[in-house]
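# Geometric and topological summary
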Number of protein chains: 2
Amino acid sequence: MQEVTLGIDIGGTNTKFGIVSKEGKILAGDTMSTVAYQGKSVETFLSDLYKASEALLNSLGASEYKIIGIGIGAPNANYYSGCIEFAPNLPWHNKIELVKLFQAHYPDLSISLTNDANAAAIGEMIYGAAQGYKDFIVITLGTGVGSGIVANGELIYGHDGFAGEMGHNITIPNGRLCTCGRKGCLETYASARGIKQTAIELLAATNEHSELRQYLGPNFSTTHIHQAALIGDKIALEVFEQTGKVLAMEMSNAVGYLSPAAFFLFGGITKAGELLFEPIRRYFDSYLLNIYQNKIKIYPSALDGSDAAILGASALIVKKLTPIHS
Amino acid sequence: MQEVTLGIDIGGTNTKFGIVSKEGKILAGDTMSTVAYQGKSVETFLSDLYKASEALLNSLGASEYKIIGIGIGAPNANYYSGCIEFAPNLPWHNKIELVKLFQAHYPDLSISLTNDANAAAIGEMIYGAAQGYKDFIVITLGTGVGSGIVANGELIYGHDGFAGEMGHNITIPNGRLCTCGRKGCLETYASARGIKQTAIELLAATNEHSELRQYLGPNFSTTHIHQAALIGDKIALEVFEQTGKVLAMEMSNAVGYLSPAAFFLFGGITKAGELLFEPIRRYFDSYLLNIYQNKIKIYPSALDGSDAAILGASALIVKKLTPIHS
């Protein structure tokens, strides 16, 4: 029997899950709607998720595979408490004791829960570009901005399980208003929404021609900015310049605390490649204290894509059951 | 025979050393000049330090005590390399392979070196107010501003041994010019020099009466600011207000990375007590992301004082030889 893990990523729209081999291959995967459970109980959702996961295992031939643990990634999840404390984007707004609920159904399995960004960091360490690294930071650039921090080979959870909220650090004092109610958080500049806002502010400040003007509307996205930058659109290029600058400012402050060997950036916007990475690297080195200069790497995630969340959740269990502590 | 450690704190002016019991009591201590070795080799300095340390042990009765290790705190010291990389305030400006030199003289002893702030953090954890804490940050407020970070019960050194340089994080973008060549570092506001500069800027901006005006001169110190604040001097109180505000801003960013259970502040200025701590706490809670509010403590160091540096250095060895990992 081959030992496998079940990786589950609970998102606001969909929940993805997959059976993952020890080598990090998704042997079988499936998706179910999360949003369809609006108005239904979390127990109903989980009951259907258990059935769908078991069906997935059966599709592979249940007698050949043994699930050794279940890793779960979810927004606002807390590793220590095993709970989703309060997730505004999920159908259930009360505290969900997710590990306890899973454990009741699967009493013999190892169950772990963490938030999306921490799962991304562990996934990167176990299966991705951070293999062999003991000190690194993964930054997830999506609807929000998250971070997962590894130091001394271990994920940093802090005293309460909430460490690694880099996206809500105040990078620009008195800067843009954030959904958290504070001003100048990194997320207000480096999330998809923040990047679009930078574009809109630049467009509004000039009459200069830009490809972006025709895309402005309800479907305006960072992909449009990427495409316009590829054909040399000045305003689109300036969006990457300003995004890179703010990201680099906060990354240089992260270094003063943690001195990681590398940063790994994760999320759709990283598809822009050097359009994004070149300004980040340039500003980053200019902001760093001299003792840190020219030695800290900045890479794209090797796991980025639709499988990453499942692999990150699965890696939680691999890390827990086979620690790679030196 | 009682097992003891030798704790050594190498400073720019003096080097303090002491024989420390496992309970954290300095059984005997002494001081020698560092600055007197200007123009002499580091080997000459160390040879005299070895002799003075051995004389100290003999003064206790060498047959009753066994030194199990030597812990050394020094500016710009690197735990991983065992070297002082470059210390502008010491008589020797080249790289000093300090652990290697000590080990050659004491081949059978455990020798560890770290910088002052990391030693303060370990000292606080082993002998001071951070006993029992697994996630905390010590901030040293002196000529410079340093920090020692403990997460998951271990000191965070980063990939290169240089983690924890919070004093050189840019808290105020484009703020005051720092000795490091960059602008707006925490140190330019929260070091003794930074605090005095705040006072001078406030005095220069108004004709309001202040006790501080008579003290302004080459001997002007933070003690004068403390004394003036105690009798209600408005400008002196405003200095504490502004110092607390900048410290709280950077501390709130530290929380986004590390979510410590507590901060411990170390250094002469902390003698001002609530004059300093009250504004820090007030601003700190106002800057924090909601998930962190009202749960992170801010305390004065319990080790502060002339013995702290020796205890911190000694604690390095205690921590190394008897890890308290969970």
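Scroll up for the structure.
Each chain carries its own residue numbering, running from 1 in the written order of its sequence. Whichever chain is written first becomes A and whichever ligand is written first becomes 1, with later ones labelled in order. Since the coordinates come from a predicted model, pLDDT governs what is reported: local features require at least 70, and pairs of side-chain atoms require 80 or more to be given and counted, while whole-chain, interface and lining totals use all residues. The side-chain figures draw on all heavy atoms in the structure; neither hydrogens nor water molecules are used.

## Here we look at the environment of I298 of chain A
Let me state the cut-off plainly: Starting at the N terminus, helices and strands are each numbered in turn, a helix being any DSSP run of H or I of at least four residues and a strand any DSSP run of E of at least two.
Relative to the elements of secondary structure, I298 of chain A occurs in strand β12 (residues 297-300). Taking the C-alpha atoms as reference, I298 of chain A lies 14 Å from Y287 of chain A; in sequence the two are 11 residues apart.

## Quick look at unusual backbone geometry
Stated formally: A 1.4 Å probe rolled over the protein chains alone gives each residue an accessible area, and that area as a share of the maximum for its type sets the label: buried under 20%, exposed over 50%, partly exposed in between.
Unusually for a residue other than glycine, N294 of chain A sits at a positive phi of about 60 degrees. N294 of chain A gets classed as exposed once you look at its relative accessible area, which sits at 67%. A positive phi is found at N152 of chain B, a non-glycine position, where the angle reads about 55 degrees. Summarising the element assignment, N152 of chain B is placed in the loop between β9 (145-151) and β10 (154-155).

## Examining the interface of chain A and chain B
Note the following rule: By definition, residues are in contact when any of their heavy atoms lie within 4.5 Å. The term salt bridge refers to a pairing of a side-chain nitrogen on Lys or Arg with a carboxyl oxygen on Asp or Glu at a separation within 4 Å. Nitrogen and oxygen atoms within 3.5 Å of one another constitute a polar contact, given that in protein one can donate a hydrogen and the other can accept it, and given that sequence-neighbouring residues count only through two side-chain atoms. All residues other than Ala, Val, Leu, Ile, Met, Phe, Trp, Tyr, Cys, Pro, Asp, Glu, Lys and Arg, Gly among them, are scored as polar; the first ten of these are nonpolar and the last four charged.
Taken residue by residue, the interface counts 42 residues in chain A and 42 residues in chain B. The interface formed by chain A and chain B holds 2 salt bridges in total. Note that D160 of chain B and K295 of chain A form a salt bridge whose closest N and O atoms lie 2.8 Å from each other. Inspection of the region where chain A meets chain B yields 28 residue pairs in polar contact (both at pLDDT 80 or more). Secondary structure elements with two or more residues in the side of chain A that touches chain B: β9 (145-151), β10 (154-155) and α8 (234-258) of chain A. Top element by residues in the side of chain A that touches chain B is α8 of chain A. It accounts for 8 residues. Per-class residue counts for the side of chain A that touches chain B are 23 nonpolar, 12 polar and 7 charged.

## Topic: the relation of the copies chain A and chain B
Here is the rule we go by: We place the copies in one frame by least squares, fitting the C-alpha atoms of every residue whose pLDDT is at least 70 in both.
Rotating chain A by 180 degrees and moving it 0.0 Å along the rotation axis overlays it on chain B with an RMSD of 0.0 Å. Those values place the two copies in the arrangement expected of a two-fold rotation axis. A high fraction, 100%, of the interface residues of chain A reappear at the interface in chain B, so the copies pair face to face through one surface.

## Quick word on the pairing of β9 of chain B
All names here are of chain B. Rule in force here: A pair of strands is labelled paired if DSSP reports no fewer than 2 bridges between them.
Counting buried positions along β9 gives 7 out of 7 residues, so the element sits mostly inside the fold. Covered by surrounding structure in β9 are V145, S147, I149 and A151 together with G146, G148 and V150, the residues of both alternating faces. In this sheet, β9 lies alongside strand β8 (residues 136-141) in antiparallel orientation, the contact comprising 6 bridges. The residue bridging I137 from the neighbouring strand is I149, located in β9. If you look at the hairpin formed by β8 and β9, you'll find 3 residues sitting between the two strands. With 2 bridges connecting them, β9 and β10 associate as antiparallel partners. Across the sheet, residue V150 finds its bridge partner in β10, namely L155.

## Some thoughts on the packing of aromatic side chains
Heads up, the condition is: Put simply, two rings from Phe, Tyr or Trp (the six-membered ring, in Trp's case) pair if the centres are within 6.5 Å, and we call them stacked under 30 degrees between planes, edge-to-face over 60, tilted for the rest. Whether a charge lies above a ring is judged from NZ of Lys or CZ of Arg, which has to be within 6 Å of the ring centre and within 35 degrees of the ring normal.
Scanning all chains against the criterion turns up 25 aromatic pairs over all chains. Plain terms: the ring middles of Y257 of chain A and Y257 of chain B are 5.5 Å apart, the flat faces sit at 40 degrees to each other, and that makes the pair tilted. Residue Y257 of chain A is found in helix α8, and its partner Y257 of chain B is found in helix α8 (residues 234-258); the two belong to separate chains. Within the aromatic cluster, the residues linked to one another by ring pairs are Y133, F136, F264 and Y299 of chain A. Taking NZ or CZ as reference, K40 of chain A lies 5.4 Å from the ring centre of Y37 of chain A, over its face.

## A closer look at the sheet that holds strand β2 (residues 14-21) of chain A
Residue and element names in this part refer to chain A. Cut-off, in case you're wondering: Every axis corresponds to a line fitted to the C-alpha atoms, with the helix fit spanning only the stretch in contact, and the corresponding angles, defined between N-to-C directions, vary from 0 to 180 degrees.
The strand order across the open sheet built from 5 strands is β3-β2-β1-β4-β7, with neighbouring strands paired in mixed fashion. In this open sheet, the two edge strands, each paired with only one partner strand, are β3 (26-33) and β7 (110-114). On average, each strand axis in the sheet is tilted by 20 degrees relative to the strand beside it, whichever way the strands run. As defined by bridge partners, strand β1 (residues 2-10) adjoins strand β4 (residues 65-73) across 8 bridges and the pair is classed as parallel. Note on β4: the bridge partner recorded for L6 is I70. Running at roughly 35 degrees to β2, helix α1 (residues 42-60) makes contact with β1, β2, β3 and β4 of the sheet. Those strands touched by helix α2 (residues 98-105) are β1, β4 and β7, and its axis lies near 160 degrees from that of β7.

## Some thoughts on the packing of α8 of chain A against α8 of chain B
We count it as follows: Should an angle fall under 35 degrees it is taken as roughly parallel, and over 145 as roughly antiparallel, whereas 65 to 115 is taken as roughly perpendicular and any remaining angle as oblique.
One way to put it is that α8 of chain A packs onto α8 of chain B with a least axis distance of 10 Å and a crossing angle of 80 degrees. Comparing their axes, α8 of chain B and α8 of chain A come out roughly perpendicular. For the pair α8 of chain A and α8 of chain B, the contacting residues are E250, N253, A254, Y257 and L258 of chain A in the first and E250, N253, A254, Y257 and L258 of chain B in the second. Counted by class, the contact of α8 of chain A with α8 of chain B contains 6 nonpolar, 2 polar and 2 charged residues.

## Overview of the pattern of salt bridges
With the rule as written, the count across this model stands at 18 salt bridges over all chains. With a shortest N-O distance of 3.1 Å, E3 of chain A and K22 of chain A are connected by a salt bridge. With a gap of 19 residues between them, E3 of chain A in strand β1 and K22 of chain A in the loop between β2 and β3 connect regions that are remote in the sequence. What makes K22 of chain A partly exposed here is its relative accessible area of 48%. R281 of chain B is the partner of E274 of chain B in a salt bridge, and the nearest nitrogen-oxygen pair spans 3.2 Å. Since its relative accessible area comes to 31%, R281 of chain B is described here as partly exposed. Put simply, E241, E278 and R282 of chain A are held in one network by salt bridges that share partners.

## Re the environment of G29 of chain B
All names here are of chain B. Mapped onto the elements of the fold, G29 is located in strand β3 (residues 26-33). Residue classification places G29 among the partly exposed positions, given a relative accessible area of 48%. Each residue touching G29, except ones within four places of it in the same chain, is listed here: F17, G18 and L56.

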